[in-house]
Each structure stands twice: as structure tokens, then as C-alpha cells.
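# Residue-level structural notes
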Amino acid sequence: MEAAPTGPQRYSDGYPPRDTAPSRARRDVTLYLHTWGLDHLVDDARLIVSELVTNAIRHTRTGRVGVSVTRQPDRVRIVVTDTSRATPAPAVPDADAEAGRGLQLIDQLATGWGSDRLATGKQVWVELTTDKAPS
């Protein structure tokens, strides 16, 4: 499926650290991907952005969570920023734990992911290839 050549190549927004932020970010990322004709990435991207925004809210004292989605020729990059400088690392939860598997899941879904320190905190980025066959 070829991506539609419409819309800007990058969208970004910020969200207050509230319970509504993950759902707002999921909605926005869905809209961006639909605009670009990348509907086959929506499910993975929604899960990824939800996990990263939720982590930023739960594990940092950030005043705002930033989300950007950038379309590149062969991939989409999702970036979530917050004011913490802590480097995220996948947890090794107990088998019966109800949480702690988000970054492991992202690792399975993404082409690549990582984090970079910024002067004002950090950004966690995830890349998805655009040539993934629709399910």
C-alpha cells in the first residue's frame, strides 16, 4: 500500500499529564496516519503512543507530554517527550504482574526504539516501517 502524499510530513501536540492524555494522543495519531493513507499502522501506533504517554504520566513529574509523528519515505517515527531525564528500560515483571510489559511489547512491534536526553528532559522514539502488509 502506497502512502498518500497529503498533509504535512510532521504533526505534533502537547497534552497535560492527565488521564485523558493517552486517549487524546491515540485519537490524534490515528488521524495523522489516516491522512497519510497508512491505516495499516494504526493499531500498532495507537498501542505504542498509549504506552509511552501513560509511562510519561505515571513515571515522571512532567508538566506536559509532547507527542510528534513524522512521516519519512519508508517509516513513521513517533516521539514522546517529557521533562524527566531518566532512561526508560524494559522491566522484567513477575509472571502474574498486571503491568510492566509495555516496553517489551513496543520492542516487538517496532522496527526500532530508543531514547535521547534533551536539555529539558528526554524523548522516547519509536519507528514503524510503512511497508508492513495490512493484516
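Residues numbered from 1 in each chain as written. Predicted model: local features only at pLDDT ≥ 70, side-chain atom pairs only at ≥ 80, totals over all residues. Heavy atoms only, no water.

### Considerations on the pairing of strand S4 (residues 112-118)
Looking at chain direction, S4 and strand S5 (residues 121-129) are connected through seven bridges and run antiparallel. In the sheet register, Trp113 faces S5, and the bridge partner there is Val126. Two successive antiparallel strands, S4 and S5, enclose a turn made up of two residues. (Pairing = 2+ DSSP bridges. Helix = DSSP H or I, 4+ residues; strand = E, 2+ residues; numbered from the N terminus.)

### Examining the packing of helix H2 (residues 42-59) against helix H3 (residues 102-109)
Close contact between H2 and H3 brings their axes to 10 Å; oriented N to C, the two are set at 150 degrees. Classified by the angle between their axes, H2 and H3 sit roughly antiparallel to one another. As H2 runs across H3, the sense of the crossing is left-handed. Between H2 and H3, the contacting residues are Asp44, Leu47, Ile48, Glu51, Leu52 and Asn55 on the first element and Gly102, Leu103, Leu105, Ile106 and Leu109 on the second. Taken together, the residues of the contact of H2 with H3 sort by class into seven nonpolar, two polar and two charged. (Axes fitted to C-alpha atoms, helices over the stretch in contact; angles between N-to-C directions. Parallel < 35°, antiparallel > 145°, perpendicular 65-115°, else oblique. Left-handed = near helix turned anticlockwise from the far one by under 90°. Contact = heavy atoms within 4.5 Å. Nonpolar A, V, L, I, M, F, W, Y, C, P; charged D, E, K, R; others polar.)

### Details of the sheet that holds S4
Pairing is antiparallel across the open sheet formed by five strands, whose spatial order is S1-S2-S3-S5-S4. Edge positions in the sheet fall to strand S1 (10-15) and S4, since each has one partner strand and no second. Across the sheet, the mean angle separating the axes of adjacent strands is 15 degrees when strand polarity is ignored. Summarising the sheet, strand S2 (residues 65-71) and strand S3 (residues 75-82) pair through six bridges and their orientation is antiparallel. Of the residues in S3, the one forming a bridge with Thr70 is Arg77. On top of the sheet, H2 reaches S2, S3 and S5; it is set at about 15 degrees to S3, its chief contact.

### Quick notes on the environment of Val53
With respect to the helices and strands, the residue Val53 is situated in helix H2. Measuring from C-alpha to C-alpha, the distance between Val53 and Pro17 comes to 8.6 Å, with 36 residues separating the pair along the chain. Residues in contact with Val53, not counting those within four places in the same chain, are Ala21, Pro22, Ala25, Val65, Val67 and Val80.

### So, the pattern of salt bridges
Pairs can form between side chains of opposite charge whenever their charged atoms are close. Counting across every chain of the model gives five salt bridges. For Arg75, the salt bridge identified is with Asp74, shortest N-O distance 3.3 Å. Under the relative-accessibility criterion, Asp74 is labelled partly exposed at 40%. In this structure, a network of salt bridges that share partners links the residues Asp74, Arg75, Arg77 and Glu127. (Salt bridge = Lys/Arg side-chain N within 4 Å of Asp/Glu carboxyl O. Buried < 20%, exposed > 50% of the residue type's maximum accessible area, 1.4 Å probe, protein only.)

### Here's the deal with the packing of helix H1 (residues 21-35) against H2
Put simply, H1 and H2 touch, their axes get as near as 9 Å, and they point 150 degrees apart. Between H1 and H2, the crossing angle belongs to the class labelled roughly antiparallel. As H1 packs across H2, the resulting crossing turns out to be right-handed. Where H1 approaches H2, its residues Ala21, Pro22, Ala25, Arg26, Arg27, Val29, Thr30, Leu33 and His34 are matched on the opposing element by Val42, Ala45, Arg46, Val49, Ser50, Val53, Thr54 and Ile57.

### Remarks on H2
The terminal C-alpha atoms of H2 lie 25 Å apart, and with 18 residues this matches the ideal 26 Å at 1.5 Å per residue to within 8%. Of the surrounding secondary structure, the elements contacted by the buried residues of H2 are H1, S2, S3, H3 and S5. (Expected span 1.5 Å × (residues − 1).)

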